[in-house]
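Structural features, examined
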Amino acid sequence: MSLFDILGPVMVGPSSSHTAGAARIGYICYKLMDEPIERAEIGLYGSFLATGKGHGTDRALIAGLLGMKPADERIPESFELAKQQNLEFSFGRVDFAEAHPNTVKLNLTGKSGRRLEVTAESIGGGRVRIRQIDGLEANFCGDYATLIVHNLDQPGHVAEVTSMLAHKSINIATMQLYRDGRGGHAVMVVECDREVPEESRKWLAHLEGIIKVTYLSMEE
């Protein structure tokens, strides 16, 4: 256990899980989109749905989508700031057969028309976990530069990604592979020790069999 686990994050309260965690989820989605978000349809589950409003979960999520971190003092004003920045949003209920009680599903549309669906959970102390991206398993915490590659389940794609990273001298911290079925759609989630250059991500995105490349940068 670390000192962070005992004291919790630097944040705007009242709750590390319902407020700080929600803001962090929104902020990770903001970074994954890599462009202004114009529309957010947000489904809340469990405790997020039952008690989130009183803890400011809704305002924290919107704040994160606007690029605010958990310690940003503007979080209580996020609804008003969203209107100023032309971010339309709505909240509703989402049901899961089995999920962490602090779970949220976000359907996002960016300025270019790009769409992103993220399911995430706030696991306490301001920590979060991204569980799904665009309907496929992901399972990462947002503490590393993270490359998410959606591809057809065909031989060679893992080698293409790892070879590119090796060529750029980028060390892999963790790598997870998921697929929805043999020969169907698959996803690689690669947490890296340093940033993956934009030109390398674009190169990946244009390879045959690669459906989509999403990236979480740690740069401000």
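Model, not experiment: these values are computed from the prediction.

Judged by how many residues are buried, strand 7 (residues 145-152) sits mostly within the fold: seven of eight residues are covered. Of the pairings in the sheet, the one linking strand 7 to strand 9 (residues 185-192) comprises eight bridges and is antiparallel in character. Its bridge partner lying in strand 9, Leu147 is registered against Val190. Bridge count for strand 7 against strand 10 (residues 210-216) is six bridges, and the pairing is antiparallel. What sits directly across from Ile148, in strand 10, is Thr214.

Quick look at the packing of helix 6 (residues 157-167) against helix 7 (residues 198-205) now. Close contact between helix 6 and helix 7 brings their axes to 11 Å; oriented N to C, the two are set at 165°. Considered as vectors, helix 6 and helix 7 are oriented roughly antiparallel to each other. Crossing angle aside, the handedness with which helix 6 passes helix 7 is right-handed. Residue-level contacts link Glu160, Val161 and Met164 of helix 6 to Ser200, Trp203 and Leu204 of helix 7. Per-class residue counts for the contact of helix 6 with helix 7 are four nonpolar, one polar and one charged.

Further remarks concern the sheet that holds strand 4 (residues 115-124). One open sheet accounts for six strands, arranged 2-1-3-4-5-6; its pairing is mixed. Each edge of the open sheet carries a strand with a single partner, namely strand 2 (88-93) and strand 6 (136-140). Taking each pair of neighbouring strands and ignoring which way they run, the sheet shows an average axis angle of 20°. Along the sheet, helix 3 (residues 46-55) contacts strand 1 (37-45), strand 2, strand 3 (102-110) and strand 4; its crossing angle with strand 1, the most-contacted strand, is approximately 105°. Against the sheet, helix 4 (residues 57-65) engages strand 1, strand 2 and strand 3, with an angle of about 145° to strand 1.

Rules of the game
Position numbers for residues start from 1 in each chain and track the written sequence from start to end. Predicted model: local features are reported for residues with pLDDT of at least 70 only, side-chain atom pairs are reported and counted for 80 or more only, and whole-chain, interface and lining totals are derived from all residues. Excluded from the side-chain calculations are hydrogens and water; all other atoms, namely the structure's heavy atoms, are used. Each residue is assigned to one of three classes by its accessible area relative to the maximum for its type, calculated with a 1.4 Å probe on protein chains only: buried under 20%, partly exposed between the two thresholds, exposed over 50%. Each helix is a run of DSSP H or I of at least 4 residues and each strand a run of E of at least 2, with the numbering of both proceeding from the N terminus. A pair of strands is considered paired only if DSSP assigns at least 2 bridges between the two. Every axis in this analysis is a line fitted to C-alpha atoms, fitted for helices over the stretch in contact. Angles between the N-to-C directions lie between 0 and 180 degrees. Relative orientations are named as follows: roughly parallel for angles under 35 degrees, roughly antiparallel for angles over 145 degrees, roughly perpendicular for angles from 65 to 115 degrees, and oblique for any other angle. The crossing is said to be left-handed when, going from far helix to near helix, the turn is anticlockwise and less than a right angle, and right-handed when the turn is clockwise. Note on contacts: a residue pair qualifies if any of its non-hydrogen atoms lie within 4.5 Å across the two residues. Charged means Asp, Glu, Lys or Arg here, nonpolar means Ala, Val, Leu, Ile, Met, Phe, Trp, Tyr, Cys or Pro, and polar covers whatever is left, Gly included.

All we've got here are geometric facts, nothing functional implied.
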